[in-house]
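# Breakdown of the fold
Spelled out, the chains give:
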Amino acid sequence: LQQEGLFEQERKRPLPETVRHLAVITSPTGAAIRDIISVLERRFPGLPVTSIPVPVQDTEAAPAIVRAIALANREAGFDAILLARGGGSLEDLWAFNEETVARAIAGSRLPVVSGVGHETDFTIADFVADVRAPTPSAAAELLSPDGEELLATLGGFEVLLTRALRTHLSRLKQQLSHLRARLRHPGQRLQDLSQKLDELELRLQRAHAQRLRQHQQ
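The following paragraphs examine the structure supplied in this document. (Residues numbered from 1 in each chain as written. Predicted model: local features only at pLDDT ≥ 70, side-chain atom pairs only at ≥ 80, totals over all residues. Heavy atoms only, no water.)

### Some thoughts on the packing of aromatic side chains
Here is the rule: To pair, rings of Phe, Tyr and Trp, with the six-membered ring standing in for Trp, must have centres within 6.5 Å; the planes then decide the type, stacked if under 30 degrees apart, edge-to-face if over 60, and tilted in the middle. Secondary structure elements are defined from DSSP: runs of H or I of at least 4 residues count as helices, runs of E of at least 2 residues count as strands, and each element is numbered from the N terminus. Three labels apply to residues, based on accessible area from a 1.4 Å probe with only protein chains included: buried if under 20% of the type maximum, exposed if over 50%, partly exposed otherwise in between. Lysine and arginine charges are scored as sitting over a ring when NZ or CZ, respectively, is within 6 Å of the ring centre and within 35 degrees of the ring normal.
For the coordinates displayed, the defined rule picks out two aromatic pairs. Summarising the aromatic geometry, the rings of Phe-7 and Phe-127 are spaced 5.6 Å apart at their centres and angled 40 degrees between planes, so their arrangement reads as tilted. Of this pair, Phe-7 sits in the segment before β1 (22-26) while Phe-127 sits in helix α4 (residues 124-128), and the two are 120 residues apart along the sequence. Given a relative accessible area of 24%, Phe-7 falls into the partly exposed group. Residue Phe-127 is classed as partly exposed on the basis of its relative accessible area, which comes to 39%. One aromatic cluster is present, built from ring pairs that chain together Phe-7, Phe-122 and Phe-127. Just above the ring of Phe-122 sits the side chain of Arg-132; from NZ or CZ to the centre is 4.0 Å.

Set out below in structure tokens:
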């Protein structure tokens, strides 16, 4: 497998920046699935997760894992695959050393994260996977965003947005005040014209009276 380049970093797929739907391939009754769910509920409970149950040891394990990887690749909507199981002896982990499992991981169009065993356990699946995590819990942390960090980031954006809106509103208020100073109310205009009309009427009356006096003289 190494000679074929299946362990080379150049052929490995990058993980998506944000996982929108995660496929978890593991035993439905083992400690790994409980650890994964616990981590995801703590970090980002809104992440959709679909568990594809498989046996993780004995002769049935490797074919079931191969079928599960193929199923995850056929189904639409998954962004990544988490292949996991808890710790155990070398014999317990042997399904993850099978060539068929290694080739299924290498042939997956979806990036595969392996979280098999404990930190000191290594299998061929770890070398072929796009990313190797030391434990199932660590794999779940790797594939899920930190909800508290996201909330803090959104809180910072909220503060910036609030400041920007306040600055914009203040600028609009200044523009409105400037326009109000320039724009005279129509009632005020009518009042000024009425006053001017009264003055013209008085001037006309005076001129008329003066004209009459002149004619009288």
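### Digging into the packing of helix α2 (residues 61-74) against helix α3 (residues 99-106)
This is how the line gets drawn: Lines are fitted to the C-alpha atoms to define the axes, a helix being fitted only along its stretch in contact, and any angle between axes, read from their N-to-C directions, falls within 0 to 180 degrees. Put simply, angles under 35 degrees are roughly parallel, angles over 145 are roughly antiparallel, angles from 65 to 115 are roughly perpendicular, and the rest are oblique. Residues count as neighbours in contact if any of their non-hydrogen atoms are within 4.5 Å of one another. All residues other than Ala, Val, Leu, Ile, Met, Phe, Trp, Tyr, Cys, Pro, Asp, Glu, Lys and Arg, Gly among them, are scored as polar; the first ten of these are nonpolar and the last four charged.
Taken N-terminus to C-terminus, the directions of α2 and α3 make an angle of 10 degrees; their axes are 9 Å apart at the nearest point. Here α2 is positioned roughly parallel relative to α3, judged by the angle of their axes. In this structure, α2 contributes Ala-62, Ile-65, Val-66 and Ile-69 to the contact, and α3 contributes Thr-100, Val-101, Ala-104 and Ile-105. The residue inventory of the contact of α2 with α3, partitioned by class, reads seven nonpolar, one polar and no charged.

### Observations concerning the pattern of salt bridges
Side chains carrying opposite charge are able to pair once their charged atoms draw close together. The following threshold applies: Each salt bridge in this description consists of a side-chain nitrogen of Lys or Arg and a carboxyl oxygen of Asp or Glu lying within 4 Å of one another.
With the rule as written, the count across this model stands at four salt bridges. Across the pair Glu-4 and Arg-103 runs a salt bridge whose closest N-O atoms are separated by 2.8 Å. You can see Glu-4 sitting in the segment before β1 and its partner Arg-103 sitting in helix α3, a full 99 residues away along the chain. The residue Arg-42 makes a salt bridge to Glu-141 at a minimum N-O spacing of 3.2 Å. In this pair, Arg-42 is assigned in helix α1 (residues 31-43) and Glu-141 in helix α5 (residues 136-143), connecting sequence segments 99 residues apart.

### Focus on the environment of Gln-9
Assignment of secondary structure puts Gln-9 in the segment before β1. Distance from Gln-9 to Ala-129, taken between C-alpha atoms, is 9.7 Å for residues 120 residues apart in sequence.

### What to know about the nonpolar core
Put simply, the rule reads: Here, nonpolar core refers to any group of buried Ala, Val, Leu, Ile, Met, Phe, Trp, Tyr and Cys residues whose side-chain atoms link them within 4.5 Å.
By size, the foremost hydrophobic cluster in this structure holds 28 residues, and its most contacted members are Ile-25, Ile-65, Ile-81, Phe-96 and Ile-105. Looking at this core, the elements with two or more residues in it are β1, α2, β3 (80-85), α3, β4 (112-116) and α4. With seven residues, the single largest contributor to this core is α2. For Ile-81, the residues in contact, after removing those within four places along its chain, are Leu-22, Ala-23, Ile-25, Ile-69, Ala-72, Asn-73, Ser-108, Leu-110, Pro-111, Val-112 and Val-113.

### Focus on the packing of α1 against α5
What counts, and what does not: Crossings are classed by handedness, with left-handed meaning an anticlockwise turn of the near helix from the far one by less than a right angle and right-handed meaning a clockwise turn.
Direction vectors running N to C along α1 and α5 enclose 35 degrees, while the axes themselves pass 8 Å from each other. Here the hand of the crossing between α1 and α5 comes out right-handed. Listed contacts from α5 to Ala-32, Asp-35, Ile-36, Val-39, Leu-40, Arg-42 and Arg-43 of α1 are Pro-136, Ser-137, Ala-140 and Glu-141. Looking at the contact of α1 with α5, its residues break down into six nonpolar, one polar and four charged.

Shape is all these values report; function is a separate question.
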